[in-house]
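Examination of the molecular architecture
Here's the letter readout for the chains.
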Amino acid sequence: MPPRYFKNDAPLASRDPNKQLIASLTRLVTQSPPAEVRAGGGLYNGPISIAYLFLVLQQLYSDLLIEGQLLGAWSAAYLAQAQEHIKSFPGPRVGKCGIMDDILSLLAIGAASAKDADMASELCDYSAEVLDPQSENEWLYGRAGYLYFLRLVKASFVDDDKVTRMLDDTASDVIDAILESPRPWKWHGKAYVGAVHGAIGIITQIVLTNPKRYAPQVEAELAVLLSYQYESGNWPNSIPPGKDRLVQVCHGAPGVVICLHSIKHHFPNLRDKIDHAIHKGRECILERGLLTKEPCLCHGISGNALALENRECEHFLSFTTGHEMKSMEKDGLMEPSDSPESLWCGEAGRAWTWAVMDKELPKRLLGFNDL
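Described below are features of the structure shown in this document.

Reading the values: rules and limits
- Residues numbered from 1 in each chain as written.
- Predicted model: local features only at pLDDT ≥ 70, side-chain atom pairs only at ≥ 80, totals over all residues.
- Heavy atoms only, no water.
- Helix = DSSP H or I, 4+ residues; strand = E, 2+ residues; numbered from the N terminus.
- Rg over C-alpha atoms; globule rule 2.2 N^0.38 Å.
- Contact = heavy atoms within 4.5 Å.
- Areas by Shrake-Rupley, 256 points an atom, 1.4 Å probe, with all protein chains shown as cover.
- Disulfide = S-S within 2.5 Å.
- Buried < 20%, exposed > 50% of the residue type's maximum accessible area, 1.4 Å probe, protein only.
- Lys, Arg positive; Asp, Glu negative; His and termini not counted.
- Salt bridge = Lys/Arg side-chain N within 4 Å of Asp/Glu carboxyl O.
- Core = buried A, V, L, I, M, F, W, Y, C linked by side-chain atoms within 4.5 Å.
- Phe/Tyr/Trp six-rings, centres within 6.5 Å; stacked < 30°, edge-to-face > 60°.
- Lys NZ or Arg CZ within 6 Å of the ring centre and 35° of its normal.
- Expected span 1.5 Å × (residues − 1).
- Axes fitted to C-alpha atoms, helices over the stretch in contact; angles between N-to-C directions.
- Parallel < 35°, antiparallel > 145°, perpendicular 65-115°, else oblique.
- Left-handed = near helix turned anticlockwise from the far one by under 90°.
- Nonpolar A, V, L, I, M, F, W, Y, C, P; charged D, E, K, R; others polar.

Remarks on the overall build of the chain
- Within the chain, the secondary structure is distributed over 16 helices and 4 strands.
- Against the compact-globule benchmark of 21 Å for 371 residues, the chain has a radius of gyration of 20 Å, which places it among compact chains.
- Oriented by its inertia axes, the alpha-carbon framework of the chain measures out at about 55 × 50 × 35 Å.
- Sequence separation of at least 24 residues holds for 70% of the intrachain contacts in the chain that already meet a minimum separation of 6.
- Of the roughly 15,400 Å² that the chain leaves accessible, carbon and sulfur atoms contribute 49%.

In structure tokens form, the structure reads like this:
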């Protein structure tokens, strides 16, 4: 196995983000065309995750052609690949109702893109599975991920009071269920801390969904989470804390920093503590965040870059180009991804980071805290 990270001792570098975005999207559609992407994975990986990337990017690059097709056409093609396998998707069920669920992902994207009130209602009807006492609370498989779907749909119905009220009522039911759950929140029996399975991810989804009502209710828990930060600037994977090992979005400082940055203005009483935690977290990422796993959002350089300020972010992303990845692979320094085309584990996520830099968007994770 290669080392977990390599030393950050090269001079600060940058690449043309627009050029890299086009190169990344071209690699995506040529190396992983729609018909060859394995179905399944919701917004996390698989064809729906790629379709969602193209759906979002086409709003920013309405005239951009990749291999002769507009981004909206690519989105439709990847969605069609998923829909061909819809009968094989088990659908939301207890313990499987988060961001990885394909049926919920298709419903949310369909309701949002077509402004379809019936699909929005059907999405809300699945709250029965989400609210079941045996459902867990994290983002990938649990209630926190379902909150993202509700926000995605709500963004398309700002002028429809009836649908907005239905979505808000459903979200409140889900958040209340999360807050009524025993503490600490656990997934598979462990009290995780990070963005994907843990407390900071749950808190972030709650606050972004309804900050005015719920931020005061989770302020004390956020304060406790800040206290878990190691002297190194990192956070433990879970509580009780073990070794200070992982520095990535799913477990560790990058995910926590990205979360804190997107919710800190809702916690004026904690502002100084949050700013200090972000500063220490970034120091840790700069030291140990150039990971040898294939660059991606979940556990690679691409996600870690979004936790940094602009110059450092650009520097980290300079290691995620096609040329740099080939060089790392040749040197035996890169651990390949299991789903190298996907939004959270591969090329689609790399494309998202280049778009963030190109359009100077807030440094957020698509499918997590961009809404």
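Additional details are given in the paragraphs that follow.
Section: unusual backbone geometry
- Of the consecutive residues Arg183 and Pro184, the connecting peptide bond is found in the cis state with omega at -10 degrees.
- One can find Pro184 in the loop between helix H8 (161-179) and strand S3 (191-192).
- Residue Pro240 follows Ile239 across a cis peptide bond; omega there is 0 degrees.
- One non-glycine residue with positive phi stands out, namely Lys115, at about 50 degrees.
- Structurally, Lys115 can be placed in the loop between helix H4 (102-114) and helix H5 (117-125).

Focus: the state of the cysteines
- This structure, assessed with the given rule, holds 0 disulfides.
- In this model Cys259 remains outside any disulfide bridge; the closest cysteine sulfur is found in Cys250, 12 Å from its own.
- Overall, the relative accessible area of 0% leaves Cys259 in the buried class.
- There is no disulfide at Cys296, and the cysteine sulfur nearest it, in Cys345, is 5.4 Å away.

Things to note about the side chain of Glu324
- On the secondary structure map, Glu324 appears in helix H15 (residues 322-330).
- No salt bridge is formed by the buried Glu324; the nearest opposite charge belongs to Arg15, separated by 4.1 Å.
- The residues touching Glu324, leaving out its near neighbours within four places in the chain, are Arg15, Ser318 and Phe319.

Examining the nonpolar core
- Counting 120 residues, the largest nonpolar core has Leu25, Leu53, Leu260 and Trp344 as its most contacted members.
- When residues of this core are assigned to their parent elements, the largest contribution, 9 residues, is made by helix H2 (residues 47-60).

Regarding the packing of aromatic side chains
- Applying the stated criterion across every chain yields a total of 11 aromatic pairs.
- Cluster of aromatic residues (ring-pair linked, three or more members): Tyr44, Trp139, Trp344 and Phe368.
- The ring centre of Tyr141 lies 4.4 Å from the NZ or CZ of Lys96, which sits over that ring.
- Directly above the aromatic system of Tyr61 lies the positively charged group of Lys359, at a separation of 4.7 Å from the ring centroid.

Some remarks on helix H12 (residues 271-288)
- For H12, spanning 18 residues, the distance from its first C-alpha to its last is 26 Å, which sits close to the expected 26 Å at 1.5 Å a residue.
- Taken residue by residue, H12 has Ile274, Ala277, Ile278, Lys280, Gly281, Arg282, Cys284, Ile285 and Arg288 as its buried positions.
- Against the buried residues of H12 lie helix H10 (211-227), helix H11 (253-263), helix H13 (301-305) and helix H14 (310-317).

So, the packing of helix H9 (residues 199-209) against H11
- Relative to each other, H9 and H11 sit at 20 degrees, their axes nearing to 10 Å. The orientation of H9 relative to H11 falls into the category roughly parallel. In this structure, H9 crosses over H11, and the sense of that crossing is left-handed. On H11, the residues that touch Ile200, Ile203, Thr204, Val207 and Leu208 of H9 are Val256, Cys259, Leu260, Ser262 and Ile263.
- Residue classes in the contact of H9 with H11 are distributed as 8 nonpolar, 2 polar and no charged.

Focus on H14
- Looking at H14, one finds that the buried residues are Cys313, His315, Phe316 and Leu317.
- In this structure, the buried residues of H14 make contact with H12, H13 and helix H16 (347-358).

Points about the pattern of salt bridges
- Summed over the entire model, instances satisfying the criterion amount to 12 salt bridges.
- Among the charged side chains, a salt-bridge network with shared partners connects Arg27, Glu294, Glu347 and Arg350.

Overview of the environment of Leu152
- Here Leu152 shows up in helix H7 (residues 143-154).
- Note: C-alpha distance between Leu152 and Gly367 (215 residues apart in sequence) is 8.8 Å.
- Excluding its chain neighbours within four sequence positions, the residues that come into contact with Leu152 are Tyr52, Ala108, Ile109, Ala112 and Leu371.

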